[in-house]
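# Chains, contacts and geometry: an overview
Now for the letters of each chain:
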Amino acid sequence: MIRVMLVDDQNLVRKGVRSLLELSEEIEVIAEAPDGAEAIRTIPDIGPDVVLLDMRMPGKSGLDVLQQLSSDGTLPPTIILTTFDDDEMVLAGIKAGAKGFLLKDVSLEELVGAVKTVAN
């Protein structure tokens with residue numbers, strides 16, 4: 001079972017992604033965070049196999065999360081989720097330790113495939 005944590009400031013997005021992931025028998029969503037500060041506090045304690053991380057959040061951004069956890073040595077495999085095809089933000093996220101990115105309109109098959117890929 002692949003243990004996933006969702007980090008996104010939009011409740012509807014988190015619930016939608018959770019619902020999609022729960023259609024896969026190989027993935028369990030173990031936690032959610034509505035902002036970067038909570039993600040930084042929670043991720044090291046629960047140790048998810050994969051984090052799905054929104055980049056644009058108020059307060060601490062996804063990039064802040066990546067940089068902080070990477071510098072602490074507690075960054076699990078992370079996939080950036082974004083609504084924007086923002087090359088600079090994605091590149092900064094990859095440089096900070098993300099394993100890849102997906103646009104939020106991704107298909108279920110692509111989402112599950114990406115989670116499985118980075119978990120292994």
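Residues numbered from 1 in each chain as written. Predicted model: local features only at pLDDT ≥ 70, side-chain atom pairs only at ≥ 80, totals over all residues. Heavy atoms only, no water.

## Here we look at the environment of Phe-101
Definition in use: In this description a helix means any DSSP run of H or I spanning at least four residues, a strand means any run of E spanning at least two, and both kinds are numbered starting from the N terminus. Two residues qualify as a contact provided that any one of their heavy atoms is within 4.5 Å of a heavy atom in the partner residue.
For Phe-101, the position within the fold is in strand β5 (residues 100–103). For the pair Phe-101 and Asp-54, spaced 47 residues apart in sequence, the C-alpha to C-alpha distance is 9.7 Å. Not counting the four nearest positions on each side in its chain, Phe-101 is found in contact with Ile-79, Ile-80 and Val-90.

## Re the pairing of strand β4 (residues 78–82)
Applicable threshold: Note on classification: 1.4 Å probe, protein chains only; a residue is buried when its accessible area is under 20% of the maximum for its type, exposed when over 50%, partly exposed between these limits. Should DSSP find at least two bridges between two strands, the strands are taken to pair. Handedness of a crossover is defined as follows: orient the strands so they point away from the viewer, and if the path from the first strand over the helix to the second runs clockwise, the crossover is right-handed.
Of all five residues that make up β4, five are buried, and the element is covered over most of its length. Across the two faces of β4 the burial is the same, with Thr-78, Ile-80 and Thr-82 and Ile-79 and Leu-81 all buried. Relative to β4, strand β3 (residues 50–54) runs parallel, the two being bridged by four bridges. The residue bridging Val-51 from the neighbouring strand is Thr-78, located in β4. Regarding the hand of the β-α-β motif, the stretch spanning β3, helix α3 (residues 62–72) and β4 is right-handed. One ladder, built from four bridges, connects β4 with β5; its direction is parallel. Its bridge partner lying in β5, Thr-82 is registered against Leu-103.

## Comments concerning the nonpolar core
Inclusion rule: Buried Ala, Val, Leu, Ile, Met, Phe, Trp, Tyr and Cys residues form a nonpolar core when they are joined through side-chain atoms within 4.5 Å.
Ranked by size, the top nonpolar core spans 19 residues in total, and within it Met-5, Val-7, Ile-43, Leu-53, Val-65 and Leu-66 carry the most contacts. Contributing elements (two or more residues each) for this core: β1 (2–7), β2 (27–33), α2 (36–46), β3 and α3. In terms of residue count, α3 provides more of this core than any other element does, four residues in total. Ile-43 has contacts with Met-5, Val-7, Pro-48, Val-51, Val-65, Leu-69, Thr-74 and Pro-76, leaving out every residue within four places of it along the chain. With 18 residues, the next largest nonpolar core counts Leu-21, Val-50, Leu-52 and Leu-111 among its residues.

## Considering the side chain of Asp-54
Just so we agree on the cut-off: Any pair of nitrogen or oxygen atoms within 3.5 Å is treated as a polar contact; in protein, a donor-acceptor pairing is required on top of that, and neighbouring residues in sequence qualify only through side-chain atoms on both sides.
Among the structural elements, Asp-54 can be located in strand β3. Separated by 3.5 Å, the side chain of Asp-54 and the backbone nitrogen of Arg-56 make a polar contact. At 3.4 Å, the side chain of Asp-54 forms a polar contact with the side chain of Lys-104. Setting aside its immediate chain neighbours within four residues, Asp-54 contacts Val-7, Asp-8, Asp-9, Gly-62, Leu-81 and Lys-104.

Interpretation note: all reported values are geometric properties and have no functional meaning in isolation.
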